[in-house]
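Examination of the molecular architecture
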Amino acid sequence: MIPENPYLLLTPGPLSTSKTVRAAMDRDWCTWDTDYKSIVQKIRESLLDLSHGGEAYTSVLMQGSGTFSVEAVLWTSLRPKSKILVLSNGAYGQRMARIATSMQAATVVVEFPEHKQADPETVEKTLQTHPDITHIGMVHSETTTGMLNNYAPVAALAARWGKVFILDAMSSFGGIPLDVKWPEIDFLISSANKCIQGVPGFGFVIAKKSTLLECKGNSRSHSLDLYDQWETMEKDPGKWRFTSPTHTVRAFLQALTELENEGGISARHARYAANHQTLVSGMEKIGIKPFLETKDQSPIITAFHEPQSTAFSFEKLYQLLKSEGFVIYPGKVSQAATFRIGHIGHVFPEDIHRLVAAVEKIKFW
Ligand SMILES: *Cc1c(COP(=O)(O)O)cnc(C)c1O
């Protein structure tokens, strides 16, 4: 027998999943049989509904972790003459820029400080200086800090200037309501093991059909060709090109059902926000302050300043919390000593109360 989970993952993916999501993996599937393909089709429809895409949009699933889907979007949508503007205020914005440059795409990176939102005026100036920019990419929930980037003004600029707009909504989709049509997003990217609360193994893209249709034959990567994957899933409905992560896919369908049973994205958003508020007010009582201003903070993950005391060590906090049944995240902010606590997944305000009590109990600094 495999033991029950020894600790709760307070990490933004992979995250703690429900027992029923894990149980859904307990059988095998044949990838070309309609029993399996109909699961894939249900998932594709459901993702489209959750994003309010409707007729003008489509969804494609892609093997691998979330980064593979970001890379698939770039390989598929960038042409030799394209130039992408990447806005970054953290590690995931930088990762998108890194992917673009390593595929030798013309790339303009505009960096903002980790505690600041992308400023639309700077974006517009950059578009004026580089009229050959064809694509704009940015991150919605920047998991480095917990910053919720306001993408709407940038998406509006992209629409006004006729640029393809790419949003890495990896750690927000399913946990924060949005509509891909307004302001318009050409490619929205997310993955199975974040706010939908599935297990890891694939990513997905909600794409504006007219934009995707122009991408046939673009990709110089064979396995990361999103167009080809989409065409296969359309022509033989629900069929992936290569081996698909069947158990993960079945678990994801269960996760979608559980999202619906919870009351949909707005109800899940409310739970995550309650987790976040419980956490911040509890930690502030202990004297631990969040890194970001409240107005910028997402309900996904919170970065905290490490306590000033020289007795503090993240490693010690990590080990003590682990022995109390919680796994947390180290900091990723470059400008300050921080640590992070994720509050998405099968995690509830009661769990966060228990976490805060554990921090108070072990306080060693
Ligand atoms: C999780 C995440 C990714 C993808 O990371 P993988 O480890 O490849 O799944 C990309 N962007 C953001 C903002 C994320 O939170």
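Residues numbered from 1 in each chain as written. Predicted model: local features only at pLDDT ≥ 70, side-chain atom pairs only at ≥ 80, totals over all residues. Heavy atoms only, no water.

We now examine the sheet that holds strand β2 (residues 57-63). Paired through their backbone hydrogen bonds, the strands of a sheet run either parallel or antiparallel. Reading across from one edge, β2-β10-β9-β8-β5-β3-β4 is the order of the seven strands in this open sheet, with mixed pairing throughout. Two strands lie at the open edges of the sheet, namely β2 and β4 (106-111), each paired on one side alone. For this sheet, the mean inter-axis angle between neighbouring strands, taken without regard to orientation, is 20°. Taken together, the five bridges between strand β9 (residues 187-191) and strand β10 (residues 202-208) define a ladder with antiparallel strand orientation. Paired with Leu-188 across the bridge in β10 is Ile-206. This element, helix α4 (residues 91-102), spans β3 (83-88), β4, β5 (135-139) and β8 (164-168) of the sheet and lies at about 160° to β3. (Pairing = 2+ DSSP bridges. Helix = DSSP H or I, 4+ residues; strand = E, 2+ residues; numbered from the N terminus. Axes fitted to C-alpha atoms, helices over the stretch in contact; angles between N-to-C directions. Contact = heavy atoms within 4.5 Å.)

Domain boundaries assigned for the chain yield domain 1 (8-13 + 264-362) and domain 2 (25-260). A separation of 27 Å is found between the C-alpha centroids of domain 1 and domain 2. Each side of the interface is counted separately: domain 1 has 27 residues, and domain 2 has 29 residues. Here domain 1 packs against domain 2, burying approximately 2,300 Å² in sum over the two surfaces, 56% of which is carbon and sulfur. Summed over the shared surface of domain 1 and domain 2, the result is zero salt bridges. Our count for the domain 1 to domain 2 interface comes out at 14 residue pairs in polar contact (both at pLDDT 80 or more). At the level of elements, α10 (264-286) and β11 (301-305) are the ones that each hand at least two residues to the side of domain 1 that touches domain 2. Considering every element that reaches the side of domain 1 that touches domain 2, the biggest residue donor is α10, with seven residues. Here the residues of the side of domain 1 that touches domain 2 are counted per class, giving 11 nonpolar, 11 polar and five charged. (Domains from an automatic or database assignment. Buried area = accessible area lost by both parts, 1.4 Å probe. Salt bridge = Lys/Arg side-chain N within 4 Å of Asp/Glu carboxyl O. Polar contact = N/O pair within 3.5 Å; in protein donor to acceptor, adjacent residues only side chain to side chain. Nonpolar A, V, L, I, M, F, W, Y, C, P; charged D, E, K, R; others polar.)

Among the secondary structure elements, Phe-204 is positioned in strand β10. Here the alpha-carbon distance between Phe-204 and Gly-162, two residues 42 residues apart in the chain, equals 24 Å. The contact partners of Phe-204, leaving out residues within four places of it in the chain, are Leu-47, Val-60, Leu-61, Ser-69, Phe-173, Leu-188, Ile-189, Ser-190, Ser-191, Ala-192 and Phe-252.

This part takes up the site of the ligand. The local shell around the ligand consists of Ser-65, Gly-66, Thr-67, Tyr-92, Arg-95, Val-139, Ser-141, Thr-143, Asp-168, Met-170, Ser-171 and Lys-194. In the model, an oxygen atom of the ligand is placed 3.5 Å from a nitrogen or oxygen of the Arg-95 side chain. One nitrogen or oxygen atom from the side chain of Asp-168 is found 2.7 Å from a nitrogen atom belonging to the ligand. Burial of the ligand by the protein amounts to 86% of the accessible area it has alone, namely 380 Å². (Near = heavy atom within 4 Å. Areas by Shrake-Rupley, 256 points an atom, 1.4 Å probe, with all protein chains shown as cover.)

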